[in-house]
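# Overview (structure and organization)
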Amino acid sequence: MFKILKYSFYDLMRSRWSYVYFLFYLMLGFVLLFLNNDLSKAVITLMNVIIILVPLIGTIFGVMYYYNSKEFTELLLAQPVKRSSIFLGQYFGVALSLAMSLVIGLGLPFIFYGIFNSDAIANFSLLLITGVFLTLIFTALAFVIALTNDNKIKGFGYAILLWLFLAVIYDGIFLMSLVFFEDYPLDKFSLIATMLNPIDLSRVLILLKMDISALLGYTGAVFQKFFGTNQGIILSSAMLILWVSVPLYFIRRISNRKDF
Amino acid sequence: MKLPIFILLFFALFFNQGRANTIEVCESCSYKNIKTAIAEAAAFDTIKIKKGVYREFNLHITKPLTIIGEGFPVIDGEDQGEILTIEADNVTIDGLKIINVGTSYTTDFAAVRVVKSENFLIKNLQLERLFFGIYLEKARNGKVINNTILGDAVEEFSSGNGIQLWYCNNVEVIGNTIKKVRDGIYLEFSDDILIKDNISQNNLRYGLHFMFSNNDIYENNIFENNGAGVAVMFSKFITMKGNIFRKNWGTASFGLLLKEINDSEISNNKFVENTVGINIEGSNRINYVDNDFRNNGWAVKVRGACYSNIFKKNNFFNNSFDISYNSKLNDNSFDGNYWSSYTGYDLNKDGIGDVPYRPVKLFSYIVNRTPETIILLRSLFIDIIDFSEKVSPVFTPDNLLDQNPLLKPVSHDIH
């Protein structure tokens, strides 16, 4: 598995797309900090970008990589290598290189602007951690989609749809149900609904750490109380890990059963 | 016939003035404590208190006296109770440092209390470790100037207010600095009060708190980082000018809370980094002119029963929500303001945008209806519906718009 991981990783490191992705974050970080020197404000703006863009890039890149390296995968399958280690190796290769582009791309400008001497360091690391988690989650989901669909167009379609659902439509349904059931106590419901969607969970986790959490008022206080406790932190990290491991389990299962 | 009376009067005056002695209090003086000095002094005498520490409390001033501290002598109440009580007209207190006022749950002990008196002047006091600071009770025509009040309040129920006015008339409160008490300045049933150039910071509850007080003016004050901000309630004809409301940031905080305020003027104020800039409830006929709203969560939150308010020439910079309304009904006018989130154009270059601006976002409407939805703040979906509502308003009041949004911020320095 590690050999394949290493191979995929180096292959991607040499690819143009990784550089573009890395340079994009580098530029974004520098431009943001250049435009306003306030580190914590930049973190908030970055959050908006990361919450939307990281899942999108993760999905598209994952699907793309799978379809592109299909021939190589078939070649590997002929070798005496375990199937699961081929696909998991490829998955981690993609996910880690994306995560690295993100962390280094954003990390460099913030280090230049003195993040280590700033109070924003905790928020910034939280931002990077959720960013890495989102990369892991959405790349895994992309692999599951790609494995189940041999048709490239269909695969891409489902991948985009998945992103659209979790990033936009889910919030729409969430909002509608909140408004529809406004006569009932909604604290528990909104907590659970937030926990179930990794994008919402990351957004709320970051928002609660920021000054802006004061805007959340009473609801925010309920969330703060929940996420402030050890139980809340453990639960939300468990949720994120679950979102990574369930698709991984499916990658293993599908790859073991699939007829290539 | 006339002359002798004049001479008599002259002598009477002279004699009277001659009687206005100066009494000194210090460790080596004939008067070693303030209590005996006050008891022995005649009306209109001046008591000079030299530098030192005087462990005294319950000092009742029942005749017109001038009490002046030299080099800030310390009166230490040792947490026993009230320290200075003024029960006569024409009393001046100047330059004392008063510490350790007693805390009680049944009596409001104050460092300085004025009871039913006129023409008092309280200035240059330093109050520390106090319960209530300066407590004016049914007092009239007095001044409270340049005092520094530094409390150590921790809980609302076990702390008092910095400067409290209760049933007062014609009092000037100028240039005081009040920190860490419950309410910085508290007014109840007090009319014609001028509150000017004060700084009220880090107080547990309100920086300034108005109740049932009419015809009052407060201007050029700074209210910063108070637990809940400034509350003006159940009052009429209040003028609020040139104040700064800053950093009142917390889940239940606001810069300025208006409840049941009518016929008032709010102009040239700055609201910076408050959770809610102004929270308006049941307030009518108020003019909001030339104010700056900067980086607030909500710049203006209109809660209902607010009619005939006018918002003119205000600047709204980078607030998460500019205006929030909880109904579809609107009777307030917004005209000629600057909105930083305005995206219209100005073809004839007259500085006024050609497309009206709608300050109420759909999301703020939804949040008002179902507060739990605020958890979707900064979600992509919200941006999308806000945009579509902006293009074709369905839920927000259709007549709530600024017909003449300015393209450049109003510069208030000119006014």
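Residues numbered from 1 in each chain as written. Chains lettered and ligands numbered in written order. Predicted model: local features only at pLDDT ≥ 70, side-chain atom pairs only at ≥ 80, totals over all residues.

Let's shift gears to the domain arrangement of chain B. Residues and elements named next belong to chain B. Annotation of chain B at the domain level lists domain 1 (20–227) and domain 2 (232–360 + 397–415). When contributions to the side of domain 1 that touches domain 2 are tallied by element, the ones reaching two or more residues are β22 (206–211), β23 (217–219) and β24 (222–224). Residues that form the side of domain 1 that touches domain 2 fall into these classes: seven nonpolar, seven polar and three charged. (Domains from an automatic or database assignment. Helix = DSSP H or I, 4+ residues; strand = E, 2+ residues; numbered from the N terminus. Nonpolar A, V, L, I, M, F, W, Y, C, P; charged D, E, K, R; others polar.)

Residue and element names in this part refer to chain B. Read across the sheet, 12 strands follow the order β4-β7-β10-β13-β16-β19-β22-β25-β28-β31-β34-β37 without closing on themselves; strand pairing throughout is parallel. Of all the strands in the sheet, just β4 (59–61) and β37 (321–325) have a single pairing partner and so form its edges. Here the average twist between neighbouring strands, direction ignored, is 10 degrees. (Pairing = 2+ DSSP bridges. Axes fitted to C-alpha atoms, helices over the stretch in contact; angles between N-to-C directions.)

Residue and element names in this part refer to chain B. Counting buried residues in β22 gives five out of six residues, a clear majority hidden from the surface. Relative to β22, strand β19 (residues 185–188) is paired through four bridges, and the arrangement is parallel. Opposite Glu188, over in β22, you have Met211 as the bridge partner. Where β22 lies against strand β25 (residues 229–236), five bridges are found, and the strand directions are parallel. What sits directly across from Met211, in β25, is Met233. (Buried ≥ 20, exposed ≤ 12 C-beta atoms within 10 Å, placed from the backbone.)

UniProt records the feature "domain: Carbohydrate-binding/sugar hydrolysis" (unreviewed entry) for residues 49–188 of chain B in the present numbering. Split by type, residues 49–188 of chain B is 0% helix and 43% strand. Its first and last C-alpha atoms lie 33 Å apart. (UniProt positions renumbered as here; feature names shortened; annotations may be inferred.)

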